[in-house]
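Geometric and topological summary
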Amino acid sequence: MALLSSPQMTPNPTASGSAADAPRKKTLAAWWLAGSALVVVLMASAVILRRGAGESTPVTTEKAIVKTITQLVTATGKIYPEIEVKISPDSVFGEIVALPFRDGDAVKKGDLLVKIKPDYYQAQVEQQEAALNAARSAAVLSQAKLEKADQDWAQYQDLYRRKLASDSDYMTSKTNHDGAQAAYASALANVQEVESLLNQARDQLSKTIIYSPMDGSVSSRSCEVGERVVATGQFSGTEIMRVADLSSMEARVDVDENDIVNVKVGDHGFISIDAYPGRKINGTVKEIASTGTTTGAGTQSEVTNFQVKIRVTDHDVELRPGMSATADIETQTVANATVVPIQSVTVRDLASGKPAGQLPPDNGDNQASVTNLLEQAHASRQHLPYVVFIKEGGRVRMQKVEIGISDDTYTEVKSGVKPGDEIVSGSYTAISRTLKDAMKVRLEKPVKDKQS
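Residues numbered from 1 in each chain as written. Predicted model: local features only at pLDDT ≥ 70, side-chain atom pairs only at ≥ 80, totals over all residues. Heavy atoms only, no water.

1. Description of a nonpolar patch on the surface
Side chains of F93, Y120 and V230 sit close together on the surface and give an oily, nonpolar patch of about 300 Å² of accessible area. Mapped onto the elements, Y120 comes out in helix α2 (residues 119–161). (Patch = residues over 30% accessible without salt bridge, like charges linked within 9 Å, V, L, I, M, F, W, Y side chains within 5 Å. Areas by Shrake-Rupley, 256 points an atom, 1.4 Å probe, with all protein chains shown as cover. Salt bridge = Lys/Arg side-chain N within 4 Å of Asp/Glu carboxyl O. Helix = DSSP H or I, 4+ residues; strand = E, 2+ residues; numbered from the N terminus.)

If you want it as C-alpha cells, here you go:
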C-alpha cells in the first residue's frame, strides 16, 4: 500500500525578496527627492545671484551745459488799476436823484457823478441862516446896552470923584457896565457859533453833490437812482461807484515768504493773462508789502504771503480790473553759468549715501524742485550737501556740488561739475531714492510723446 505523503511547503524566493526590499526602495526614493529639490534650489539661487550681479538701474541723462540762467519767482494774483477811487457819500444820507454815468463810461475831473436829494440839508441851512440873523440882532442889542452902560459908568465915575455920588450908586453903575460887557461878548460868541453851524450845514448840503476827482472811467457802479445811501462822520458811506485810470494798470500778486527775500523794487517781470494765452506782458516791480498776510492760521495749510505790485509797462493790451494774472519775476541773472537739470540735484548723506529724511512719494514728476529737497534736509535736522550723479561708463559717481540760482528747468552748479559731464536726469525715483555711488546703470530710452 503506497504511503500518501503530505506535500512539502517550500518558501517562494521571489515573494520574500520583494518584502525585504520595500523599505529600502522607499528610503532611496526619499533621498532622490530631497537631492533633486536641493539641486533645484541651488540652481535657482545661482540664477538669482547671477542676475543680481548683472542688474542695472535704468536712468536718463543730460549733458551739463553753459548758458545764461535767470532765477524766477512765480506768483499769481489779479489785475487792478494803479489808481482807483471809491465814490461814496461823506457824512450825508438820502435818496440818489441823479447818477448820470454808467459802468465803463469815461469821465473828466469835475463831472457830476452823484446827486443826493438835498431837501433835508437845504432846510438845515435855512434854519441856521435864521438863527444867525437872530444872533446878530441880539449882538446889536447887546452892543447898544453896552454903549449906554459905558456912558452911565463914565458919569458915575466923574460924580464919585467929586463926591456927588454914593458908594452904592457907584458900585451899581460899575456892575451894570461889567454885565453889559459880558452880555455883548456872549452875543458875539453866539454869532460865531451860529456862523459855524451854518457853514457846517452848507458843507453838508454841498456834499449831496459829488464830482469826479480825476480823469478816468467808471470801473464799477453798485447803486441806481432811487436807492438810499447812508454815511456818518465815523464810518465810510455806501459805495456808489469807482472811478479808475484804466490806462495805468498793475498786477497785484501774492509771493510766498520763502521767495519774497529775493524780490526787490525795480525787478523785471513777465505777466501772463488768462484772457491772452501765449502773450507775455512786460512789467516792473513798483511796491512790496512790508507786512505779510497769513491764511489758514493754526492749521497745516497755514501760508504767509506778501503782496507785490507790478506795474504793467506794455500799454498795447486792453486789460480790465479783476483779470487773473500769473507773474514771473526775474530776481537774478547769471551769465555763462554751468547748469544741470533742476531734478538732477538732490541731497544725500555722503557717508551712507542715504536720502535726506522722508522724501515725498514718487508721483512721476521729474521736475522735483530743489527747494523742496532743501526743506527735506532741514526737516531731517541734518546739514546734508547737495549732490548729483555723473554717469561714467556703466556706473554712476555721486558728486557733491555747490549750487546757485535756479529757473524752471535748470540749476546753476558753481563747483563739482564741468560742462559736458553726463548728468543723471531721471527718473525722479532713481535720483531721490535708488541711486548710490558706483551703482551700475543703463540708459533708458526716452518715452515718446503719444501725441507726436
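2. Let's talk about the nonpolar core
I87, I96, L113, V114, I240, M241 and V243 are the most contacted members of the largest nonpolar core, which has 28 residues in total. Listed by contribution, the elements that provide at least two residues to this core are β6 (112–116), α2, α3 (167–206) and β10 (241–244). In terms of residues, this core owes the most to one element, α3, which gives 6 residues. Those residues in contact with V114 that lie beyond four places of it in its chain are I87, I96, A98, L99, T208, I209, I210, I240 and M241. Membership of the second largest hydrophobic core comes to 23 residues, among which are I79, M249, F306 and I310. (Core = buried A, V, L, I, M, F, W, Y, C linked by side-chain atoms within 4.5 Å. Buried < 20%, exposed > 50% of the residue type's maximum accessible area, 1.4 Å probe, protein only. Contact = heavy atoms within 4.5 Å.)

3. Here's the deal with the packing of aromatic side chains
Counted according to the given criterion, the structure contains 3 aromatic pairs. Considering the side-chain rings of F93 and Y120, the 5.7 Å spacing of their centres and the 40° angle between planes classify their relative orientation as tilted. A residue pair is termed long-range when its members are at least 10 positions apart, and F93 in the loop between β3 (84–87) and β4 (94–98) and Y120 in helix α2 qualify at 27 residues. Ring geometry for Y120 against Y121: centres 5.1 Å apart, planes inclined by 90°, an arrangement best described as edge-to-face. (Phe/Tyr/Trp six-rings, centres within 6.5 Å; stacked < 30°, edge-to-face > 60°.)

4. Examining α2
For an α-helix, the turn length of 3.6 residues means that residues three or four places apart are oriented alike. When the terminal C-alpha atoms of α2 are compared, their 63 Å separation across 43 residues agrees well with the 63 Å that a helix rising 1.5 Å per residue should span. Three or more residues of α2 are buried, namely Y121, V125, Q128, L132, A135, A139, S142, L146, A149 and W153. Where α2 is buried, its residues meet α3. One or two positions beyond α2, positive phi appears at K163, with a value near 60°. (Expected span 1.5 Å × (residues − 1).)

5. Considering the sheet that holds strand β9 (residues 228–229)
Taken in spatial order, the 4 strands line up as β7-β6-β4-β9 in an open sheet, and their pairing is antiparallel. Each edge of the open sheet carries a strand with a single partner, namely β7 (209–211) and β9. Alignment of β4 against β6, held across 2 bridges, turns out to be antiparallel. Within β6, the position partnered with A98 by the bridge is K115. (Pairing = 2+ DSSP bridges.)

6. Topic: the sheet that holds strand β8 (residues 216–221)
Two orientations exist for strands paired in a sheet by backbone hydrogen bonds: parallel and antiparallel. What the 4 strands build is an open sheet, ordered β3-β10-β8-β5; its pairing is antiparallel. If you trace the sheet from one side to the other, it starts and ends with β3 and β5 (106–107), each paired once.

7. Points about unusual backbone geometry
Following G426, the chain continues into S427 via a peptide bond in cis, with omega recorded as 0°. Mapped onto the fold, S427 is located in the loop between β21 (422–426) and α5 (428–434). A positive phi angle is found at S91, which is not glycine, with a value near 60°. Note on placement: S91 falls in the loop between β3 and β4. Owing to a relative accessible area of 18%, S91 belongs among the buried residues under this scheme. Even without being a glycine, A438 presents a positive backbone phi close to 70°. With respect to the helices and strands, A438 occurs in the loop between α5 and β22 (441–443). For A438, a relative accessible area of 41% gives the class partly exposed.

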